[in-house]
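Residues per chain, in single letters:
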Amino acid sequence: MIDSKLYAKPSKSFNESFEKRFKKSERKKFEHCCDVLHKYLRNSFYHGFQGKAVFLDHKHSSWSIEDGFLVLNPYWLWKKCNETYQDIFATITDKKNHDSLKNALNFFDKLIE
């Protein structure tokens, strides 16, 4: 898991500020802070890096909730994603798992290095 705090429910003040920033058609109640990342950071990456509800700032230590948007350190995110990836592969390739599964995942791991 990248950061368990990302699974927290956004505060009422965040939702109120978010609703003020976006037109009605773009508004959505988010169950978790990571839902904001998924919807808006993902869209920024795929659709031209137009920041809306998630902004990147390397000066932040990790991420923070601001006045209706999230600020995320991209270097922190990359490091946490990489650590999470390594942990998941280490768990899957553990000796307790079947050899064919380990071999397939080891092949995939080498392929994407």
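The rules behind these values
Residues numbered from 1 in each chain as written. Predicted model: local features only at pLDDT ≥ 70, side-chain atom pairs only at ≥ 80, totals over all residues. Heavy atoms only, no water. Helix = DSSP H or I, 4+ residues; strand = E, 2+ residues; numbered from the N terminus. Contact = heavy atoms within 4.5 Å. Pairing = 2+ DSSP bridges. Axes fitted to C-alpha atoms, helices over the stretch in contact; angles between N-to-C directions. Buried < 20%, exposed > 50% of the residue type's maximum accessible area, 1.4 Å probe, protein only. Arc of directions from axis to C-beta. Salt bridge = Lys/Arg side-chain N within 4 Å of Asp/Glu carboxyl O. Phe/Tyr/Trp six-rings, centres within 6.5 Å; stacked < 30°, edge-to-face > 60°.

A. A look at the side chain of Ser17. Inspection of the secondary structure assignment puts Ser17 in helix α1 (residues 12-21). Non-local contacts of Ser17, meaning those with residues more than four positions away in its chain, are made with Asp67 and Gly68.

B. Highlighting the sheet that holds strand β3 (residues 70-72). Spatial strand order, β1-β3-β2: 3 strands in an open sheet with mixed pairing. Edge positions in the sheet fall to β1 (54-56) and β2 (63-65), since each of these pairs with one other strand and no more. If you compare each strand with its neighbour and ignore which way they point, the axes differ by 20 degrees on average. In this sheet, β3 lies alongside β2 in antiparallel orientation, the contact comprising 3 bridges. Bridge pairing in β3 places Trp63 opposite Leu72.

C. Representation of α1 within the structure. Buried within α1 we find Phe14, Asn15, Ser17 and Phe18. Seen end-on, α1 carries its buried residues on one side only, within an arc spanning 165 degrees. Seen from the buried face of α1, the exposed residues on the opposite side, beyond 90 degrees, are Lys12 and Lys20.

D. Seen up close, the side chain of Ser62. Mapped onto the secondary structure, Ser62 falls in the loop between β1 and β2. The buried category is assigned to Ser62, whose relative accessible area is 17%. Every residue in contact with Ser62, bar those within four places of it in the chain, is listed here: Val71, Leu72, Asn73 and Trp76.

E. Molecular detail of the pattern of salt bridges. Evaluation of the coordinates by the stated rule reveals 2 salt bridges. As a salt-bridge pair, Glu83 and Lys79 come within 3.6 Å of each other at their nearest N and O atoms. With Glu83 and Lys79 both in helix α3 (residues 74-92) and 4 residues apart, this pair spans about one turn of that helix. By relative accessible area, Glu83 is classed as partly exposed at 32%. For Lys80, the salt bridge is made with Glu83, and the minimal N-O distance between the two is 3.5 Å. With Lys80 and Glu83 both in helix α3 and 3 residues apart, the pair spans about one turn of that helix. Salt bridges sharing partners connect three or more residues here, namely Lys79, Lys80 and Glu83.

F. Spotlight on the packing of aromatic side chains. Evaluated as defined, the whole model comprises 1 aromatic pair. Relative to Phe18, the ring of Phe14 lies with its centre 6.0 Å away and its plane at 25 degrees, an arrangement referred to as stacked. Of this pair, Phe14 and Phe18 both sit in helix α1, 4 residues apart, which is roughly one turn of that helix. For the residue pair Phe14 and Phe18, the accessibility class agrees, reading buried in each case.

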